[in-house]
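# Overview (structure and organization)
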Amino acid sequence: MQNKGIIKLFAILFGLVSIYQLSFTFIANSVEDDAEAFAAQRISSDVEDYHALREIEQTRYLDSIGNNEIISGITYNTAKDKELNKGLDLKGGINVILQISVKDILRELANNSKDPAFSKALAGADELQKTSQDDYVDLFFEAFEEIPDARLASPDIFANKNLSDDITYDMTNAQVKPVIRKRIDESITSAFEVLRKRIDKFGVTQPNIQRLGNSGRILVELPGAKDIERVTGLLQSTAQLEFWHVFKGQELAPFISQADSRLREILKPTEETTKASDSTAIDSTKASEEDDIEDLLANAEDEEQGDDITKTNPLIGLIKAGGGQGPVIATFSVKDTALVGKYLRMSQVRSLLPAEQRYAKFVWGKSSDADELIDLYALKANKTNQPDLSGGVITNATQTYDQYGGVAVSMEMNGKGAKSWEEMTTVAFNNRSQIAIVLDDIVYSAPGLSTGPISGGRSEITGDFSVAEGQDLANVLRAGKLPASADIVQSEVVGPSLGQEAIDSGILSFAIALGFVLIWMFFYYGKAGLFADIALAVNILFIFGILAGLGAVLTLPGIAGIVLTIGMSVDANVLIFERIREELAKGKAQIDAIKDGFSNALSSILDANITTGLTGIILLIFGTGPIKGFATTLLIGICTSLFTAIFITRLFIDKYGKNGKSLDFSTAATKNLFQNVAIKFIAKRKIAYIISAVAIVISLGSLFVNGLNQGVDFVGGRTYTVRFEKTVNATDIEKKLVETFGSAEAKTFGADNQLKITTKYKVEEEGTEVDNEISRKLFETLQQDLPKNITYEQFNVATGGESEVGVMSSMKVGPTIADDIKKASIWAVLGSLIVVFLYILFRFRRWQFSLGAVIAVFHDVLIILGVFSIFRNYMPFSMEIDQAFIAAILTVVGYSLNDTVVVFDRIREYFNEHKTWAFSKTINAALNSTISRTVNTSLTTLIVLLAIFIFGGESIRGFMFALIIGVVVGTYSSLFIATPVMYDTAKNKSEDLLAKKEEETEEEEVI
């Protein structure tokens, strides 16, 4: 092998980089374990809401040591930013797809037009959307064009005052359409930015938010989020501008002091709490509260004493500056907002608010990305939480300059708004208070009144603004006119305890699979197998290092992809070692046999991995969420496997044998295994055809009669994984659920005390209210089978419950997106078949090879579908057809083609070497020569899959079952279907395939 030095250097550097990237994960996990132990020590499990309190303690601990150097300049904060990201199924949290309502945007652009043509087009678009994948705006235009003489530029539709700068009365429909599309895209972009800013307030590490094409859909992933109800509420609430009266900072000073005392009492170690509980908060109220808080604020500004204050004053110790006479209560660091928010939402803290402040709504001010400080305000909310004035009354707002040349913002209101504004400004002027301008719970400005109440609706806001800040405020004021609702069309919620179980099961399956492969390779190939094991260990290091370096998300299917890669990566080494054994059997010297073995195996290795890689790319393009994670790890694994098998293994083998040492590529037990196999595959092809035909007919019959158990991914609905304290009867539970929801299904999911419950109740309806209604109905229906003292909050994972009983995870898919997912999945399967057909046609230059491979794949897919149809009601695990199943199908396609391509490659080689042999003899000999490789690869892959199936967790058991069936059937079809079909379709038998292609010149030595 040439350039050994470069390969060694690259391998060493790549390994060091991988270790460096993974070190961040190790450091972050170690610190978080310490934080968890610290919180458990301080907060006893006997304390009410101990989960929430421990979370607060963990956050405080991590914040306090976040910038402390741990090793070589690395802090916890830097390690956390660079750690290997864990997905939703491993960490818990929420994954949602939001649909921004283009219909709402169209209505707003048309100024809520009542025009019959406009209303009819909206109704028509609603109907078309049920069966079409096109964007809503395109469907609206399609429906509008069907209405005779209807004009988009009508003054009653889009040629209104608000769009007068862009649309005039004389414009055609074709001229109006791009304007409307542009405005809609701007609104969706604005909604995306609003959501991004909301997510920043959740305190979730490694959030992901991205637009999905031009459909108005936005993907939001929040691993680790626990208060799911709050998350979904904030994600779906309309971005509406509001005006509120606001408390003065000094009015909340007594509350802040009392809250600090109460928090100090709550957060003390349990043994100290009892001693101090009678004398903590009461004494502080008797003293001069304002003096106390001022003293504490002064101390908070002293950096040397900051850490001590935070320990003794959990809330006040975080304050960076006091509020004084203005509307600001206090100023905090941006990094502390999540913690302060948790404190202020605690029921024990809010109960301290006096009657006149009981509905106070705490919100943050606006901060720039460069600013590390942020102001806290308290709005004068009411029982209904309705603002004093909505921003919808604003007709225009622009950035201007005041009489002194300072930046100002001018705004105008309609008649109704002008009247309410006059009333608000009168109250504010008389009380010398301020009015907060709030968008999306962020205070953009809180101006006071300098010249008295404002009448007429025309106002000017002045302050210490920059031009950019003035323009931002004007944009905020104008944004109140275009609210666009965001509906959750798909969601998945996973509780943290279920995520931890997934991690444990994933690690166990990984360890068992890896252990088997390492032992098997050493058993079968001796010392050479040991070198392959070292290469495999390096391969795993590379995979995890690349995942960490790319910032990829590791999911449970991703772990399955890595484990599957371990099984399949053995294939390259097996191909090489079998080739070397063949060369040694011909009497070649060891050094020549190794050289020729590597060279001869290269073609098969590349072909096999490219076909598998092509299916992985299809998965990456068409898949969503966890499927992308599976495809990512599979593709990375293919690349690293090729490098380690071809180069790393070769380095060890060459180094061992360079001094003339003998290296056996077998052991005493395997030396003569599969040496004299002489199966007449071609003669037995008709028997194989009959067996396959019977299996396919049975499969098709079951598919027509029984159908498939389609998951909510494909049909829409809601599904809940519910764990009970004791074993429950699924049939009895299902009867109760049917009485409640009309349509429901309950099946045992894993252990006998866990059920998977699915319902289509109100699947067409969107909104948090509907989700909460169904969740409460589920709780009430199951309450008799749950522990007597369990509350709804403990039962429902969406409220942050971490009980070992209740909803462990949930998923919701709307009917529209379910239809999209189903069609995308079909295209993914068809696309992979077409791509692979073309690749094999290009590689082998004979359509017979492509036809044989594709028929074998169709054969495999039909049988897998048949198995899932026949046994859908009999297996003790989920046999649903969902996105994960499609991923399994595509993986089987890749695996089957991998096997088939290796066989075809050997057949092509034998045709060129043995031109005088009979056609059937050549094929039989080629097939028999690959038996050892086929058995080795299939056996190791099958054992790996069985390890994941048994130990890898309930959520991927159906996925693994499909792969197991696929490996068995795929191995069979490569030998008994693909090759015989190629044989029977060859026009001139051996003459057609014997011709040596002109372009097949002697390949240059690459190894």
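Values in this document were obtained by computation on a predicted structure and should not be read as measured data.

## Comments concerning the overall build of the protein chain
Scanning the protein chain from terminus to terminus reveals 35 helices and 23 strands. When burial is assessed residue by residue, the protein chain has 54% of its 1007 residues classed as buried. Considering only contacts within the protein chain whose residues lie at least 6 apart along the sequence, 74% involve residues at least 24 apart. If you sum the accessible surface of the protein chain, you get close to 44,600 Å²; carbon and sulfur atoms cover 54% of it.

## A closer look at the packing of aromatic side chains
Per the counting criterion, the structure on display carries 31 aromatic pairs. Note on Trp520 and Phe523: the rings are 5.5 Å apart at their centroids and 45° apart in plane angle, and the pair reads as tilted. Here Phe523 and Trp520 lie together in helix α19 (residues 496–525), a separation of three residues that amounts to about one turn. Exposure remark for Trp520: the relative accessible area of 17% places this residue in the buried category. Between Tyr910 and Trp917 the ring centres are 6.4 Å apart and the planes differ by 75°, which places this aromatic pair in the edge-to-face class. Members of the aromatic cluster, connected to one another through ring pairs, are Phe516, Trp520, Phe523, Tyr524, Tyr525, Phe577 and Phe665. Seen from the ring of Phe429, Arg432 lies directly overhead, with NZ or CZ sitting 4.6 Å from the centre. The lysine or arginine in question, Lys921, covers the ring of Trp917, its NZ or CZ lying 4.5 Å from the ring centre.

## With respect to helix α6 (residues 116–129)
Between its first and last C-alpha atoms α6 spans 20 Å; for 14 residues at 1.5 Å apiece the expected length is 20 Å, and the two agree. Taken residue by residue, α6 has Ala117, Phe118, Ala121, Leu122 and Ala125 as its buried positions. Buried residues of α6, seen end-on, are gathered within an arc of 135° and therefore sit on one face of the element. Relative to its buried face, α6 has exposed residues pointing more than 90 degrees away, namely Pro116 and Lys120. Buried residues in α6 make contact with α5 (102–109) and α7 (136–145).

## Some thoughts on the packing of α6 against α7
The interhelical angle for the contact between α6 and α7, taken along N-to-C directions, is 125°, at an axis separation of 8 Å. Looking at the two axes, α6 sits oblique to α7. As α6 packs across α7, the resulting crossing turns out to be right-handed. In contact with Ala117, Phe118, Ala121, Leu122, Gly124, Ala125, Asp126, Leu128 and Gln129 of α6, α7 contributes Tyr136, Leu139, Phe140, Glu142, Ala143 and Phe144. Of the residues belonging to the contact of α6 with α7, the class tally is eleven nonpolar, two polar and two charged.

## Description of the sheet that holds strand β5 (residues 208–212)
Strand order in the open sheet formed by eight strands is β5-β6-β4-β18-β23-β20-β22-β21, with antiparallel pairing between adjacent strands. If you trace the sheet from one side to the other, it starts and ends with β5 and β21 (744–748), each paired once. Averaged over all pairs of adjacent strands, the angle between strand axes in this sheet comes to 20°, irrespective of strand direction. Bridging between β21 and strand β22 (residues 754–759) involves five bridges; their strand directions are antiparallel. Pairing of Ala744 across the sheet is with Thr759, part of β22.

## So, the side chain of Thr758
Counting through the fold element by element, Thr758 comes out in strand β22. Of the residues examined, Thr758 reaches a relative accessible area of 16% and is grouped as buried. At 3.4 Å, the side chain of Thr758 forms a polar contact with the side chain of Thr719. Those residues in contact with Thr758 that sit more than four places away from it in its chain are Val712, Arg718, Thr719, Ser743, Ala744, Glu745 and Glu880.

## Side note on unusual backbone geometry
Positive phi outside glycine occurs at Asn111, with the angle close to 60°. Counting through the fold element by element, Asn111 comes out in the loop between α5 and α6. For Asn111, a relative accessible area of 48% corresponds to the partly exposed category.

## Details of the sheet that holds strand β14 (residues 407–413)
If you walk across this open sheet you meet the three strands as β13-β14-β17, and the pairing is antiparallel. Only two strands of the sheet have a single partner each, and these edge strands are β13 (394–401) and β17 (458–462). The average angle at which neighbouring strand axes cross in this sheet is 20°, direction not considered. The pairing of β13 with β14 spans seven bridges and is antiparallel. Across the sheet, residue Ile394 finds its bridge partner in β14, namely Met413. Where helix α17 (residues 415–431) meets the sheet, it contacts β14 and β17, and its direction lies at approximately 120° from that of β14.

## Some remarks on the environment of Leu439
Looking at the element boundaries, Leu439 is found in strand β15 (residues 435–439). A relative accessible area of 9% means that Leu439 is categorised as buried. Put simply, Leu439 and Gly391 are 48 residues apart on the chain and 8.8 Å apart in space, counted from C-alpha to C-alpha.

## Considerations on the nonpolar core
Residues Phe577, Ile840, Phe885 and Ile923 are the most contacted members of the largest nonpolar core, which totals 126 residues. Here this core gets 17 residues from one element, more than from any other, and that element is helix α31 (residues 883–913). Not counting residues up to four positions away in its chain, the partners in contact with Phe577 are Met521, Tyr525, Ala528, Gly529, Ala532, Thr649, Ile653 and Phe665. Val96, Leu152, Met171 and Ile188 belong to the second largest nonpolar core, which has 48 residues in total.

## Some remarks on the pattern of salt bridges
Throughout the structure, instances matching the rule amount to 19 salt bridges. Between Glu412 and Arg458 there is a salt bridge, and its shortest N-O distance comes to 3.0 Å. Of this pair, Glu412 sits in strand β14 while Arg458 sits in strand β17, and the two are 46 residues apart along the sequence. Residue Arg458 is classed as exposed on the basis of its relative accessible area, which comes to 56%. The structure contains a network of salt bridges with shared partners spanning Glu583, Lys586, Lys588 and Asp596.

## Observations regarding a nonpolar patch on the surface
Together, Ile617, Ile621, Phe622, Ile826, Trp827, Leu830, Ile834 and Leu838 make up a nonpolar patch on the protein surface, roughly 790 Å² of accessible area in all. Sorting the residues of the nonpolar patch by element identifies α22 (590–622) and α29 (815–844) as the ones contributing at least two each. A total of five residues in the nonpolar patch trace back to one element, the largest contributor, which is α29. Relative to the helices and strands, Leu838 is located in helix α29.

## Comments concerning the side chain of Ser641
When you line up the elements, Ser641 lands in helix α23 (residues 626–657). In this structure the side chain of Ser641 is engaged in a polar contact, spanning 3.1 Å, whose partner is the side chain of Asn539. When sequence neighbours within four positions are dropped, the list of residues in contact with Ser641 reads Asn539, Thr565 and Ser569.

## Section: the packing of helix α32 (residues 919–929) against helix α34 (residues 957–985)
Two numbers describe how α32 lies on α34: the axes approach to 12 Å, and their chain directions differ by 155°. The angle between α32 and α34 places the two elements in the roughly antiparallel class. Helix-helix and strand crossings are classified by hand; for α32 and α34 the assignment is right-handed. Seen from α32, the contacting residues are Phe919, Ser920, Ile923 and Leu927; seen from α34, they are Leu975, Thr979, Met982 and Tyr983. Among the residues making up the contact of α32 with α34, the classes are represented as six nonpolar, two polar and no charged.

## What to know about the pairing of strand β7 (residues 241–245)
In terms of burial, β7 is largely enclosed, as five of its five residues are buried. With burial as the criterion, each face of β7 is covered, one bearing Leu241, Phe243 and His245 and the other bearing Glu242 and Trp244. Note: β7 against β15, five bridges, orientation antiparallel. Bridged to His245 within β15 is Ile435.

Cut-off values and rules
Position numbers for residues count from 1 along each chain, tracking the sequence in the order it is written. Where totals are concerned, whole chains, interfaces and linings use all residues; where local detail is concerned, this predicted model gives features only for residues with pLDDT of at least 70, and gives and counts side-chain atom pairs only at 80 or more. With hydrogens and water set aside, each side-chain value is computed from the structure's full complement of heavy atoms. Labels follow the DSSP assignment, with helices taken as runs of H or I lasting at least four residues and strands as runs of E lasting at least two, numbered in each case from the N terminus. A 1.4 Å probe rolled over the protein chains alone gives each residue an accessible area, and that area as a share of the maximum for its type sets the label: buried under 20%, exposed over 50%, partly exposed in between. Here, residues are in contact when the closest pair of their heavy atoms is within 4.5 Å. With residues, only the protein chains shown are counted as cover, and all accessible areas are computed by Shrake-Rupley using a 1.4 Å probe. Stacked, tilted and edge-to-face are the three classes applied to pairs of Phe, Tyr and Trp rings, where Trp contributes its six-membered ring and a pair requires centres within 6.5 Å; stacked means planes under 30 degrees apart, edge-to-face means over 60, and tilted covers the rest. For a lysine, the NZ atom is tested; for an arginine, the CZ atom; a charge sits over a ring if that atom is within 6 Å of the ring centre and within 35 degrees of the ring normal. Each residue after the first adds 1.5 Å to the expected span of a helix. Starting at the helix axis, one direction is taken to each C-beta atom, and the arc is that of these directions. The convention used is that axes are lines fitted to C-alpha atoms, helices contributing only their stretch in contact, and that angles between N-to-C directions extend from 0 to 180 degrees. What sets the label is the angle itself: under 35 degrees gives roughly parallel, over 145 gives roughly antiparallel, 65 to 115 gives roughly perpendicular, and the rest give oblique. Two helices cross in a left-handed way if the nearer one is turned anticlockwise from the farther one by less than a right angle. They cross in a right-handed way if the turn is clockwise. The classification used treats Ala, Val, Leu, Ile, Met, Phe, Trp, Tyr, Cys and Pro as nonpolar, Asp, Glu, Lys and Arg as charged, and all other residues, Gly among them, as polar. Strand pairing follows a simple DSSP-based rule, namely that at least 2 bridges must link the two strands. Counting of polar contacts relies on pairs of N or O atoms within 3.5 Å, with two restrictions inside protein: one atom must be capable of donating a hydrogen and the other of accepting it, and residues adjacent in sequence are counted only when both atoms are side-chain atoms. Take the buried Ala, Val, Leu, Ile, Met, Phe, Trp, Tyr and Cys residues and link them wherever side-chain atoms come within 4.5 Å; each set so joined is a nonpolar core. Here a salt bridge means any side-chain nitrogen of Lys or Arg lying within 4 Å of a carboxyl oxygen belonging to Asp or Glu. Nonpolar side chains (Val, Leu, Ile, Met, Phe, Trp, Tyr) are joined into patches within 5 Å and like charges within 9 Å, using only residues with over 30% relative accessible area and no salt bridge.

Such coordinate-based values are descriptive only and should not be taken to indicate function.
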